[in-house]
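Summary of structural features
The primary structure of each chain is shown beneath.
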Amino acid sequence: NILDRMNASGKQMVVFYGSQTGTAEEFATRLCKEARHYGIAAMSADPIEYDMESLKVLREKEDHIAVFLMATYGEGEPTDNAIQFHELITNDETDLEGLNFAVFGLGNSTYEYFNKMGKDTDRLLEKR
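Structural notes, computed from the coordinates. It should be emphasised that the depicted structure is a prediction, and the values quoted were computed from it without experimental measurement. (Residues numbered from 1 in each chain as written. Predicted model: local features only at pLDDT ≥ 70, side-chain atom pairs only at ≥ 80, totals over all residues. Heavy atoms only, no water.)

1. Brief notes about the pattern of salt bridges
- Under the defined criterion, the tally for this structure stands at six salt bridges.
- Residues E26 and R30 are paired through a salt bridge, measuring 3.7 Å at the closest nitrogen-oxygen approach. One end of the pair, E26, and the other, R30, are both in helix α2 (residues 23-36), four residues apart, so they sit about a helical turn from each other.
- R30 gets classed as partly exposed once you look at its relative accessible area, which sits at 47%. (Salt bridge = Lys/Arg side-chain N within 4 Å of Asp/Glu carboxyl O. Helix = DSSP H or I, 4+ residues; strand = E, 2+ residues; numbered from the N terminus. Buried < 20%, exposed > 50% of the residue type's maximum accessible area, 1.4 Å probe, protein only.)

As structure tokens, then:
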């Protein structure tokens, strides 16, 4: 689970990325490096490699933040590696109250569904 990995490595921030082409993954890595300049220990994480239900226990970590760098794929869908995460946050049963988070959407403004996943992720996490 993500909390165990963060605690074992002394991280305060996890940067999840939803990426189809690698751009969001690259930005996640860069954001983690930049965080070090501000004294924040951070790690990047591919959401497909974790049980995203473990976000619920991340709330137990006093100084935590989860950042979501989300690209939009196709007609406004999540990227392949973010499908399970998207299913979790669209489920009305999911309770993520108390999760400290930030969302950064990536996309091309010429696309019809520009930044849809970033907008949806922010709205759905705020609701949970």
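Right, picking up where we left off after that structure.
2. Considerations on the nonpolar core
- Judged by nonpolar contacts, the single largest core of 23 residues is most densely connected at V14, F16, L55 and F68.
- Sorting the residues of this core by element identifies α1 (2-9), β1 (13-18), β2 (42-45), α3 (55-58), β3 (65-73), α4 (83-90) and α5 (116-127) as the ones contributing at least two each.
- Apart from residues lying up to four places away in sequence, V14 is in contact with I2, M6, M43, A45, L58, I65, A66 and V67.
- Membership of the second largest hydrophobic core comes to eleven residues, among which are M13, V15, C32 and V67. (Core = buried A, V, L, I, M, F, W, Y, C linked by side-chain atoms within 4.5 Å. Contact = heavy atoms within 4.5 Å.)

3. Topic: the packing of aromatic side chains
- The final tally for this structure, using the stated rule, is four aromatic pairs.
- Seen from their ring centres, F68 and F85 are 4.9 Å apart, and the 10 degrees between their planes marks the pair as stacked. On the criterion of sequence distance, the pair formed by F68 in strand β3 and F85 in helix α4 is long-range, its members being 17 residues apart. Each member of the pair, F68 as well as F85, is classed as buried.
- Every member of this aromatic cluster is reached through a ring pair, and the members are F16, Y50, F68 and F85. (Phe/Tyr/Trp six-rings, centres within 6.5 Å; stacked < 30°, edge-to-face > 60°.)

4. Quick word on the packing of α4 against α5
- One way to put it is that α4 packs onto α5 with a least axis distance of 9 Å and a crossing angle of 40 degrees. When the axis of α4 is compared with that of α5, the two are oblique. Along this stretch, α4 crosses α5, giving a crossing that reads as left-handed. Residue-level inspection shows F85, H86, I89 and T90 of α4 in contact with α5, the latter providing M117, T121, L124 and L125. (Axes fitted to C-alpha atoms, helices over the stretch in contact; angles between N-to-C directions. Parallel < 35°, antiparallel > 145°, perpendicular 65-115°, else oblique. Left-handed = near helix turned anticlockwise from the far one by under 90°.)

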